[in-house]
Amino acid sequence: MKRILVSACLVGQPVRYDGTAKTVSDAILQAWREQGRLVIVCPEVAAGFGTPRRPAEIQWRRTGDDVLAGTAAICDDAGTDVTSLFIEGAKHALERAIAHECRYALLADGSPSCGSSYVYDGTFTGARHHGAGVTATLLAQHGIRVYAPSQIDELASLIERNA
Ligand code: SF4
């Protein structure tokens, strides 16, 4: 059975920085849950962050690739550098994915951890740009295909085709 790593906030867990969830109400996701396919993870909570916590963004309009390469930082809105904890959370998510043989991940978009199509630019003004967070990037670097909630139909058809 194909298992899918999924962001905890997408399945109703109130683990986002502001103490909310980002629940996806979708019959496909519900079916995967009932089939026992979901491997649920919140990289930031796994790294030791509390909930709620200060919002954090990848700085200098960079992406998860840059963070993992050591050329960008992640800071919270008070200016504290939290890069190492975000990397720790990404490693935890990768370990879970490998342990459960997940070839796919469905992650919340926009997050400096889980974002896959866009992230915020580090100014805490709501400005965003194309790129992925550190967890999504690390997973992709290890061959795990990462999808945003807007791509759930595409992911479902891949799984159905056993791709
Ligand atoms: S780190 Fe990922 S799973 Fe955790 S709250 Fe942020 S987007 Fe959701």
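Our structure's up above, just so we're on the same page.
The rules behind the values
Residues numbered from 1 in each chain as written. Predicted model: local features only at pLDDT ≥ 70, side-chain atom pairs only at ≥ 80, totals over all residues. Helix = DSSP H or I, 4+ residues; strand = E, 2+ residues; numbered from the N terminus. Rg over C-alpha atoms; globule rule 2.2 N^0.38 Å. Buried ≥ 20, exposed ≤ 12 C-beta atoms within 10 Å, placed from the backbone. Contact = placed C-beta atoms within 7 Å. Near = placed C-beta within 6 Å. Nonpolar A, V, L, I, M, F, W, Y, C, P; charged D, E, K, R; others polar. Right-handed = clockwise from strand over helix to strand, strands pointing away. Pairing = 2+ DSSP bridges. Core = buried A, V, L, I, M, F, W, Y, C linked by C-beta atoms within 7 Å. Axes fitted to C-alpha atoms, helices over the stretch in contact; angles between N-to-C directions.

### Describing the overall build of the protein chain
Then comes step 1: Regarding its fold elements, the protein chain presents 6 helices and 8 strands.
Then comes step 2: Overall, the protein chain shows an N-to-C arrangement of helices and strands of β-α-β-α-β-α-β-α-β-β-β-α-β-α.
Then comes step 3: In terms of C-alpha radius of gyration, the protein chain reaches 15 Å, essentially the compact-globule figure of 15 Å for 163 residues.
Then comes step 4: The principal-axis extents of the C-alpha atoms in the protein chain amount to approximately 45 × 30 × 25 Å.
Then comes step 5: Burial analysis of the protein chain (163 residues in total) assigns 39% to the buried set.
Then comes step 6: Considering only residue pairs separated by 6 or more positions, the protein chain has 63% of its internal contacts joining residues 24 or more positions apart.

### Concerning the site of the ligand
Then comes step 1: Looking at the ligand, the residues that line it are S7, A8, C9, V15, R16, C42, P43, E44, A108, S111, S113 and C114.
Then comes step 2: Of the residues in the shell around the ligand, the class split is 7 nonpolar, 3 polar and 2 charged.

### With respect to the pairing of strand β1 (residues 4-7)
It is a general feature of regular strands that their side chains alternate between the two faces of the sheet.
Then comes step 1: Judged by which residues are buried, β1 turns out to be covered on both faces: I4 and V6 on one side and L5 and S7 on the other are all buried.
Then comes step 2: Tracing the backbone out of β1, into helix α1 (residues 27-34) and back to the parallel element strand β2 (residues 38-41) gives a crossover that is right-handed.
Then comes step 3: For β1 and strand β5 (residues 104-106), the ladder comprises 3 bridges, and the chain directions are parallel. The residue of β5 that forms the bridge with L5 is A105.

### As for the pairing of β2
Then comes step 1: Direction of pairing for β1 relative to β2: parallel, over a ladder of 4 bridges. Paired with L5 across the bridge in β2 is V39.

### Observations regarding the nonpolar core
Then comes step 1: Of all hydrophobic cores here, the largest spans 43 residues; its most connected members are I4, L5, A105, L106, L107 and L139.
Then comes step 2: Sort the elements by how many residues they give to this core and helix α4 (residues 83-99) lands first, with 6 residues.
Then comes step 3: Sequence-distant contacts of L106, that is, excluding residues within four places in its chain, are made with I4, V6, L10, Y147, P149, I152 and L155.

### Regarding the sheet that holds β1
Then comes step 1: Strand order in the open sheet made by the 4 strands is β2-β1-β5-β8, with parallel pairing throughout. Taken across any chain shown, the strands that pair with only one partner, and hence form the sheet edges, are β2 and β8 (145-147). Direction aside, the axes of adjacent strands within the sheet are offset by 25° on average.
Then comes step 2: Lying on the sheet, α4 is in contact with β1, β2 and β5; it crosses β2 at an angle near 165°.

### A few points about unusual backbone geometry
Then comes step 1: Note that the residue after T51, namely P52, is joined by a cis bond; omega there is 0°.
Then comes step 2: On the secondary structure map, P52 appears in the loop between α2 (43-46) and β3 (56-58).
Then comes step 3: With phi around 55°, R61 is a residue other than glycine that occupies positive phi space.
Then comes step 4: Classification of R61 as partly exposed rests on a count of 17 C-beta atoms within 10 Å.
Then comes step 5: A positive phi is found at F124, a non-glycine position, where the angle reads about 55°.
Then comes step 6: Here F124 is to be found in the loop between β6 (118-120) and β7 (128-130).

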